[in-house]
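# Descriptive structure summary
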Amino acid sequence: MSSSPTSAASRPGAAPTLIWTALTVVYVLWGSTYLAIRIAVETLPPLMSAAMRFAAAGLVLAVVLRLRRGPGALRVDRQQLASAAFVGILLLAGGNGLVVLAESGPSGVAVPSGIAALLVATVPLLVVLLRSGTGDRPPAWTFVGVTVGFVGLVLLVLPAGSSNVVPLVGALTVVGAAASWSLGSFLSGRLRMPADPFVATVYEMLAGALVLAVVAAGRGELRDFHPAEVSTRSWLALVYLMVAGSLVAFTAYVWLLHNAPISLVSTYAYVNPAVAVALGALLVAEPVTAQTLLGGAVIVIGVAVVVSTERPRRVAAETRSGAAPVGDRR
């Protein structure tokens, strides 16, 4: 593998059909994983279930790459390995692990799957703040969108005298997950990652799984884990998360980070909540209050303003400079 970054000007871009196919996969499958997580943690230890999910998916993907491409398929240098591991810890141990924790626990403590997805929709807004902190100058409308999105976040978690108030600690945990995921997504376009996004995915999953397993052990989850007590539906949900959420959707997401502008990739954050809220309401009767709809709608509007403002501007700038889009730099 070449050790130098590859620009978009020096290699053909991905076909729009492939990009939109990958986006659709991420839209639908990741929207459904919030409900699958809730079902899995009904009888599985939360962080250990996440570690099992990513370890299994990472190992399967590694074996597939080794069989299809030969002995050197997974070869990377130390810097690439360290970058992939760091990004994987941020995305999976921080981003996914905190969501799993927030969705676990008894009613009144656990965050409903639809609410968790709505809170994670703040990812594109946090990415804009990260860009601003590194000297980028987003347009004024981008900051309007960020402000609107965070107003929606406040509306979503603000107590309103209802019995279905969003648990504040759980909500803040999901916001922390969104911040970790945002930082991982942001850095994946600025660190020297493995040139092949599928190889990067292997090391990200394994690093995330290792950290999740260590933290789970520290929390005593292994001591209290009895496989015979796990329900069939929790096992099935875990298998779904391994295959659909990790092998398919996460691999598609990593590929998109390498082949599409991050402003376009981030649009998943306002499609996933609609899928998650609908599935949560239809399949497990999660409450959908007027406050949920209002706060969620305001978040989605804010994210839509950010994405619609950013995408034309960033694509034009990348075309003029010949530089690779964010998420496409290795």
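All values derive from a computational prediction rather than experimental measurement. (Residues numbered from 1 in each chain as written. Predicted model: local features only at pLDDT ≥ 70, side-chain atom pairs only at ≥ 80, totals over all residues. Heavy atoms only, no water.)

This paragraph deals with the overall build of the chain. What the chain contains, in helices and strands, is twelve helices and zero strands. If you list the helices and strands of the chain from N to C, you get α-α-α-α-α-α-α-α-α-α-α-α. Evaluated residue by residue, the chain yields a buried proportion of 52% over its 330 residues. Put simply, the chain shows about 13,900 Å² of open surface, and 70% of that area lies on carbon and sulfur atoms. (Helix = DSSP H or I, 4+ residues; strand = E, 2+ residues; numbered from the N terminus. Buried < 20%, exposed > 50% of the residue type's maximum accessible area, 1.4 Å probe, protein only. Areas by Shrake-Rupley, 256 points an atom, 1.4 Å probe, with all protein chains shown as cover.)

A word on the packing of aromatic side chains. Taken as a whole, this structure holds three aromatic pairs when the rule is applied. For the pair W181 and Y253, a centre-to-centre distance of 5.5 Å together with 45° between the ring planes defines the contact as tilted. Of the two residues, W181 sits in helix α7 (residues 168–188) while Y253 sits in helix α9 (residues 232–259), which places them 72 residues apart along the sequence. Judged on exposure class, the residue W181 and its partner Y253 are both buried. (Phe/Tyr/Trp six-rings, centres within 6.5 Å; stacked < 30°, edge-to-face > 60°.)

Let's shift gears to a nonpolar patch on the surface. Judged by side-chain polarity, V239, V243 and V248 come together as a nonpolar surface patch covering roughly 220 Å² of accessible area. Its location among the elements puts V243 in helix α9. (Patch = residues over 30% accessible without salt bridge, like charges linked within 9 Å, V, L, I, M, F, W, Y side chains within 5 Å. Salt bridge = Lys/Arg side-chain N within 4 Å of Asp/Glu carboxyl O.)

The next subject is the environment of L153. Following the sequence through the fold, L153 ends up in helix α6 (residues 140–157). For L153, a relative accessible area of 11% corresponds to the buried category. For L153 and I299, which are 146 residues apart along the polypeptide, the C-alpha to C-alpha distance reads 6.4 Å. When residues no more than four places from it in sequence are discounted, the contact partners of L153 are L119, T122, V175 and I299. (Contact = heavy atoms within 4.5 Å.)

As a further point, take the pattern of salt bridges. In this structure the tally under the stated criterion is four salt bridges. Here R233 makes a salt bridge to E42, at a shortest N to O gap of 2.8 Å. In this pair, R233 sits in helix α9 while E42 sits in the loop between α1 (16–40) and α2 (46–69), placing the two residues 191 residues apart along the sequence. Residue class for E42 comes out partly exposed when judged on its relative accessible area of 41%. Among the salt bridges present, the one from D77 reaches R192, with a minimum N-O distance of 2.7 Å. One end of the pair, D77, is in the loop between α2 and α3 (78–103); the other, R192, is in the loop between α7 and α8 (197–218), with 115 residues separating them in the sequence. The exposure class of D77 is partly exposed, given its relative accessible area of 28%.

Attention now goes to the packing of α2 against α3. When two helices pack together, their arrangement is given by the angle between their axes and by how far apart the axes lie. Following both chains from N to C, one finds α2 and α3 inclined at 135°, their axes separated by 9 Å at the closest point. Considering the angle they form, α2 stands oblique to α3. In the crossing of α2 with α3, the sense of the turn from one axis to the other is right-handed. Contact residues: P46, L47, S49, A50, R53 and F54 in α2; L92, N96, G97, V100 and L101 in α3. Across the contact of α2 with α3, the residue classes tally to seven nonpolar, three polar and one charged. (Axes fitted to C-alpha atoms, helices over the stretch in contact; angles between N-to-C directions. Parallel < 35°, antiparallel > 145°, perpendicular 65-115°, else oblique. Left-handed = near helix turned anticlockwise from the far one by under 90°. Nonpolar A, V, L, I, M, F, W, Y, C, P; charged D, E, K, R; others polar.)

Counting 90 residues, the largest nonpolar core has W30, W181, F250, Y253, L256 and Y268 as its most contacted members. Non-local contacts of L256, meaning those with residues more than four positions away in its chain, are made with I19, A22, L23, V26 and V265. (Core = buried A, V, L, I, M, F, W, Y, C linked by side-chain atoms within 4.5 Å.)

End to end, α3 covers 36 Å across 26 residues, agreeing with the expected 38 Å (1.5 Å per residue, within 8%). The N-cap of α3, judged by a side-chain oxygen 3.2 Å from the amide nitrogen of Q79 a few residues on, is D77. Just past α3, the residue G105 takes up positive phi, approximately 110°. (Expected span 1.5 Å × (residues − 1). Polar contact = N/O pair within 3.5 Å; in protein donor to acceptor, adjacent residues only side chain to side chain.)

With that settled, the discussion passes to the packing of α3 against α8. Direction vectors running N to C along α3 and α8 enclose 55°, while the axes themselves pass 7 Å from each other. In terms of orientation, α3 lies oblique with respect to α8. Seen from above, α3 lies across α8 with right-handed handedness. Two secondary-structure elements touch here, α3 through L81, A84, A85, V87, G88, I89, L91, L92, A93 and G97 and α8 through A200, Y203, E204, M205, A207, G208, V211 and L212. Partitioned by chemical class, the residues of the contact of α3 with α8 number 14 nonpolar, three polar and one charged.

What follows concerns the side chain of S32. Structurally, the position occupied by S32 is in helix α1. Here S32 falls in the buried class, since its relative accessible area comes to 11%.

Once that is clear, we can look at the confidence of the model for the chain. Averaged over the chain, the pLDDT score is 80; the fraction of residues at 70 or greater is 86%. Across residues 1–11, where pLDDT falls below 50, the model places 21 contacts with residues more than four positions away in sequence or in other chains. Taken as a whole, residues 315–330 scores under 50 in pLDDT and shows 45 contacts with residues more than four places along the chain or in a different chain. (pLDDT = per-residue confidence, 0-100.)

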